[in-house]
Amino acid sequence: MEIPQRAQEIIEKFNLKSHPEGGFYAETYRSSQSIPGKDRQLLTSIYFLITGNSISRFHRIQSDECWYFHEGSPLLVHSIFPNGEHQVIELGLDLTQNEVPFHVVPALTIFGSHLKNDEGYAFVSCAVAPGFDFADFELFTSEELMKQYPDHQSIITKLT
């Protein structure tokens, strides 16, 4: 599957690189202020782009992550909460279709995303507070998640 022309333009314009979880990203902001007594910025932000060729694999971070939809195809953000509940939020701009342009994934939630129709692209921004650090980034295998959440086999298979 080929990357859509508009997605390629965004990748080039913002110098997006491959992300370990999938998709493409570029850091756009890192606060100059740190949490007192810690080596952690107050806030970081990235551009993030997913195409039909890619997914955002299930992962977890230690901070809240805010998602802001800019353009493209609707994006499904899947969360598995510590209690095992699975939630799907449709990120997009068509409010008549129950899409939302903004969503927060709480800290310590396992989450990943993919395009609703697995074609096109979605261009979003993600802000993390306290700021993101790859030391807090955990990617999961399907085996790890299936042991804990066997009821969610279908989405675990898709996003690992």
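Provided above is the structure to which this section pertains.
The following paragraphs examine the structure supplied in this document. Predicted model, so just to flag it, every value in this text is computed and none were measured. Here the residue numbering is sequential within each chain, running from 1 through the sequence in written order. Local features in this predicted model are restricted to residues of pLDDT 70 or higher, and side-chain atom pairs are both shown and tallied only at a pLDDT of 80 or more, whereas totals for entire chains, interfaces and linings draw on every residue. In computing side-chain values, all of the structure's heavy atoms are included and hydrogens and water are not.

## A closer look at a nonpolar patch on the surface
Consideration 1: Patch members must show over 30% relative accessible area and no salt bridge, and they are joined within 9 Å when carrying like charges or within 5 Å when they are nonpolar side chains of Val, Leu, Ile, Met, Phe, Trp or Tyr. With residues, only the protein chains shown are counted as cover, and all accessible areas are computed by Shrake-Rupley using a 1.4 Å probe. Salt bridges are counted wherever a side-chain nitrogen of Lys or Arg sits within 4 Å of a carboxyl oxygen of Asp or Glu. A contiguous nonpolar patch, built from Y29, L42 and L43 and spanning about 240 Å² of accessible area, is present on the exposed surface.
Consideration 2: For helices the rule is a DSSP run of H or I covering at least 4 residues; for strands it is a run of E covering at least 2, with both sets numbered from the N terminus onward. Assignment of secondary structure puts L43 in the loop between strand 2 (24-30) and strand 3 (44-51).
Consideration 3: Throughout this description, buried means an accessible area under 20% of the type-specific maximum (1.4 Å probe, protein chains only), exposed means over 50%, and partly exposed covers the range between. Residue L43 is classed as partly exposed on the basis of its relative accessible area, which comes to 32%.

## With respect to the pairing of strand 8 (residues 102-105)
Strand residues, when the strand is regular, have side chains that alternate between the two faces of the sheet.
Consideration 1: Across the two faces of strand 8 the burial differs, with H103 and V105 buried and F102 and V104 not buried at all.
Consideration 2: Bridge analysis of strand 5 (residues 64-72) against strand 8 gives four bridges, and the strand direction is antiparallel. Within strand 8, the position partnered with E65 by the bridge is V105. When DSSP finds at least two bridges between two strands, those strands are taken to pair.

## Considering helix 1 (residues 5-13)
Consideration 1: Listed in full, the buried residues belonging to helix 1 are A7, I10 and I11. All buried residues of helix 1 fall inside an arc of 100° around its axis, so they share one side. Counted as exposed and oriented over 90 degrees from the buried face of helix 1: Q5, E12 and K13.
Consideration 2: Every residue pair with non-hydrogen atoms within 4.5 Å of one another is taken to be in contact. Elements in contact with the buried residues of helix 1: strand 2, strand 3, strand 5 and strand 10 (121-129).
Consideration 3: Of the residues trailing helix 1, N15 is marked for its positive phi of about 55°. This arc corresponds to the set of directions leading from the helix axis out to the C-beta atoms.

## Section: the environment of F81
Consideration 1: Locating F81 in the fold gives a position in the loop between strand 6 (75-80) and strand 7 (86-91).
Consideration 2: The sequence separation of F81 and N117 amounts to 36 residues, and the corresponding C-alpha distance is 24 Å.

## Remarks on unusual backbone geometry
Consideration 1: In this structure, P130 follows A129 across a cis peptide bond, with omega equal to -10°.
Consideration 2: When you line up the elements, P130 lands in the loop between strand 10 and strand 11 (138-139).
Consideration 3: Of note, the phi angle at L108 is positive, near 70°, even though the residue is not glycine.
Consideration 4: Positive phi, normally seen in glycine, also occurs at D118, with a value near 55°.
Consideration 5: If you trace the backbone, D118 turns up in the loop between strand 9 (110-115) and strand 10.

## Regarding the packing of aromatic side chains
Consideration 1: Note on aromatic pairs: the rings of Phe, Tyr and Trp (six-membered ring only in Trp) are paired at centre separations within 6.5 Å, and the planes decide the class, stacked below 30 degrees, edge-to-face beyond 60, tilted for the rest. For the coordinates displayed, the defined rule picks out nine aromatic pairs.
Consideration 2: With 4.5 Å between their ring centres and 55° between their planes, F14 and Y47 make a pair best called tilted. Of this pair, F14 sits in the loop between helix 1 and strand 1 (17-18) while Y47 sits in strand 3; the two residues are 33 residues apart in sequence, bridging distant segments of the chain.
Consideration 3: The partly exposed category is assigned to F14, whose relative accessible area is 29%.
Consideration 4: Residue classification places Y47 among the partly exposed residues on the basis of a relative accessible area of 23%.
Consideration 5: Ring centres 6.2 Å apart and planes at 75° place the aromatic pair F132 and F137 in the edge-to-face group. There is no split in this pair, since F132 and F137 are both buried.
Consideration 6: Counted as over-ring charges are cases with an Arg CZ or a Lys NZ within 6 Å of the ring centre that also lie within 35 degrees of the ring normal. Lying across the ring of F14, K13 places its NZ or CZ 6.0 Å from the centre.

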